[in-house]
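What follows is the residue order along each chain.
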2 protein chains.
Amino acid sequence: MTRSAQAPSLTLLLDTISSDLDRVNAWLDERYQPDHPRLAPLIEHVRGFRGKQVRAAQVMLVAQGCGGIRPEHTVVAGVVEMIHAATLVHDDLLDGAAERRGMDCVHRRWDAHSSVLLGDWIYAQAFLQATELSDNLCSRELARATARVCRGEIRQNLSAGDFDLDEAEYLDQIDGKTAALFEAAGRLGAAYAGADLELRERCARHGLLAGRAFQMQDDLLDLVGDEDRARKSLGTDWANGKMTLPLIRLRDALDEEQREALRAQFGTGAPREVLFDGPFAEALEDAVARSRAEIAETLEQSCQALEALPEAGPRQQLIDLTRFLGSRTR
Amino acid sequence: MTRSAQAPSLTLLLDTISSDLDRVNAWLDERYQPDHPRLAPLIEHVRGFRGKQVRAAQVMLVAQGCGGIRPEHTVVAGVVEMIHAATLVHDDLLDGAAERRGMDCVHRRWDAHSSVLLGDWIYAQAFLQATELSDNLCSRELARATARVCRGEIRQNLSAGDFDLDEAEYLDQIDGKTAALFEAAGRLGAAYAGADLELRERCARHGLLAGRAFQMQDDLLDLVGDEDRARKSLGTDWANGKMTLPLIRLRDALDEEQREALRAQFGTGAPREVLFDGPFAEALEDAVARSRAEIAETLEQSCQALEALPEAGPRQQLIDLTRFLGSRTR
């Protein structure tokens, strides 16, 4: 599957690093090798569901912005994409998803066993490949980020049905679940380009805030996105009792009576349409507008962190990539 | 849970390294720290189900045998035990097990989400802690072993119902699933004690063969063990169509007609008792005797690999530990 088939504007945006991303894909192809015929179809499957690879692009653009892409960046970008792939394999199983990028999910085409174990195998391969580098910076940073991803997901899962979840906890959960890997990608992209500590931390902060905006936008789309464009069912967070930014804003704007009426339907499987008309409609409109403003503000802060980046060209591309992440409509 | 409550004879055997194992447990306690109240019960649960810790004991005895225990061995032993714990959390989910060491399994006390994500978190923590060491030997060896464990388990899972599975494939699967971690523990125990390459490879070979015998014995007990002593249901491999050593020996000793009769019941959920009486009884007795002999032979080979170990005391303790592993009755 080519990148251009999925996101033409992104392909244009990443034009200057397309050969670097090709190198990452060749590196991944070499690492996704079965050692036994029984494993071949499973591993082939994982090779096939590469997505937009925005994390690999982030690593490369940060590297360019900090002084130049080096051979280590191929490994960093490849390992980051592997870890992301492992989380997707497990997420799809846990979410009971049917398809990813037009292909059956692993647990549907094979079984839950294969899904759990294949995800574990990808994690182990990722951590193995990280040891290719002469120092342990990549191993340590990505193991730490992965642990944070898992903790974020566990906390989010154990918070299901918690109508009173506050904003700080929500942000902490999405920072773990989604933003931690972008944060690590930024820090490592800078570090292996020879950036000093201050610049590394700015690139890490850019990644953290970009990842946070990305997840906030994802959560907003689940509430108000277009199902046809998204090519998946939406409203699942509301239906399953997962408290997200726009729902927090909606909840906190209601008077007590309305809030209790909202609570009564939260997580009961009710479709999101119950929010669109009737008593919640006006407050929802405000909540969505406020969420959009907060996402835009987070994107702005993310881009501001890049001001210290010495190279203007890659800086602008990173800003464009960041805006792409936080303003997707599907 | 203390070690002595579970295996008094093993405790006696490990007497000389009990303070080293205590240090591993203190190290593990420090690493199993929740960073949020929601995670505390899950992590407390994992802390509680420490088992016999034979892999940690192996690391320490190999280290003693190769010249002495160093601070690095605490990290190696701790990381090996964490990886083992992560595989158990996922195995219990996939096997639909109810209890482990008298405690509800994670997926029963919480849910499948928690089980998958907690296992992932333990893996990530293990790989993070491995980077505490100044070189990447431990990171690399244990990531490689973990990848092998996963591949072995995937292959075994995809072989379910394969009545014609041959011995070589069976051995390769259990070498991955079980023996690879013992092999890595042996290699790392020797390496961090300053052993030369040849001695490291002998300790790795000891671990590989000890782990193989351990799994062969486990598979034999599933067929002919005592359910009361095992405190779990047995016969599940036969019932679920998992081909193991004694079943391979039984199958290959039958004439064609009997073999087809066996095939017809393999993996159908039939209880193992159908093998104990009737047409298969005599061949089963031979197959079990042959399996026992093969396990004993594997144990012998495992112990022979230790002959090069310079220190006689730890060498004898390792031999005793190896015999313990391969001759358990539950």
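Since this is a predicted model, take the numbers as computed values, not measurements.

A. Focus on the overall build of chain A. Per the secondary structure count, chain A includes 17 helices and two strands. A compact globule built from 330 residues would reach a C-alpha radius of gyration of about 20 Å, and chain A, at 20 Å, matches this within 12%. Principal-axis analysis of the C-alpha atoms places the extent of chain A at approximately 60 × 50 × 35 Å. Residues counted as buried form 58% of the 330 residues belonging to chain A.

B. Structural context of the packing of helix H2 (residues 18-31) of chain A against helix H4 (residues 54-65) of chain A. Residue and element names in this part refer to chain A. Between H2 and H4, the least distance of the axes is 10 Å, while the angle of their chain directions is 125°. Taken as axis vectors, H2 and H4 run oblique relative to one another. For the crossing formed where H2 meets H4, the hand is right-handed. Contacts from Asp-20, Leu-21 and Val-24 in H2 reach Ala-56, Ala-57 and Met-60 in H4.

C. Summary view of the interface of chain A and chain B. Facing 45 residues of chain A, the contacting portion of chain B comprises 45 residues. Of the roughly 4100 Å² buried at the junction of chain A and chain B (both faces included), carbon and sulfur atoms supply 66%. Taken as a group, Arg-38, Leu-94 and Leu-117 of chain A account for 16% of the area that chain A buries against chain B, more than any other trio of residues on that side. Summed over the shared surface of chain A and chain B, the result is four salt bridges. Joining chain A to chain B, the criterion identifies 20 residue pairs in polar contact (both at pLDDT 80 or more). Its residues placed into classes, the side of chain A that touches chain B shows 21 nonpolar, 11 polar and 13 charged.

D. Fine view of the environment of Ile-319 of chain B. All names here are of chain B. By the element assignment, Ile-319 lies in helix H17 (residues 312-326). A relative accessible area of 13% means that Ile-319 is categorised as buried. Distance in space between the C-alpha atoms of Ile-319 and Glu-297 is 14 Å, their sequence separation being 22 residues. Sequence-distant contacts of Ile-319, that is, excluding residues within four places in its chain, are made with Cys-303 and Leu-306.

E. Region of the structure containing the relation of the copies chain A and chain B. After a rotation of 180° and a shift along the axis of 0.0 Å, chain A superposes on chain B with an RMSD of 0.0 Å. Taken together, the turn and the small shift mark the pair as related by a two-fold rotation axis. The residues that chain A uses at the interface reappear at the interface of chain B in 100% of cases, marking a shared surface.

The rules behind each value
Throughout this document, residue positions are counted from 1 along each chain, in the order its sequence is written. To read the labels, note that chains go from A and ligands from 1, taken in the order they are written. Only residues with pLDDT of at least 70 get local features here, since the model is predicted, and only at 80 or more are side-chain atom pairs given and counted; chain-wide, interface and lining totals rely on the full set of residues. The side-chain figures draw on all heavy atoms in the structure; neither hydrogens nor water molecules are used. Strands are runs of DSSP state E lasting at least two residues, helices are runs of H or I lasting at least four, and both sets are numbered from the N terminus onward. Only the C-alpha atoms count toward the radius of gyration. The rule for a globule is 2.2 Å times the residue count to the power 0.38. Residue exposure (1.4 Å probe, protein chains only): buried if accessible area is under 20% of the type maximum, exposed if over 50%, otherwise partly exposed. In this description, a line fitted to the C-alpha atoms serves as the axis of each element, helices being fitted only across the stretch in contact, and the angle between N-to-C directions of two axes falls anywhere from 0 to 180 degrees. In these notes the angle categories are as follows: under 35 degrees is roughly parallel, over 145 is roughly antiparallel, 65 to 115 is roughly perpendicular, and the rest is oblique. The hand of a helix crossing depends on one turn: near helix anticlockwise from the far one by less than a right angle means left-handed, and clockwise means right-handed. When checking whether two residues touch, look at their non-hydrogen atoms; a contact exists if any pair is within 4.5 Å. When two components associate, each loses some accessible surface as probed by a 1.4 Å sphere; the sum of these losses over both components is called the buried area. Basic side-chain nitrogens of Lys or Arg form a salt bridge, by our definition, when they fall within 4 Å of a carboxyl oxygen of Asp or Glu. Residues adjacent in sequence count toward polar contacts only when both atoms are side-chain atoms; beyond that, a polar contact is any pair of N or O atoms within 3.5 Å, and within protein one must be able to donate a hydrogen and the other to accept it. When residue character is reported, Ala, Val, Leu, Ile, Met, Phe, Trp, Tyr, Cys and Pro are called nonpolar, Asp, Glu, Lys and Arg charged, and the others, Gly included, polar. The least-squares superposition of copies is restricted to C-alpha atoms, and to residues with a pLDDT of at least 70 in both copies.

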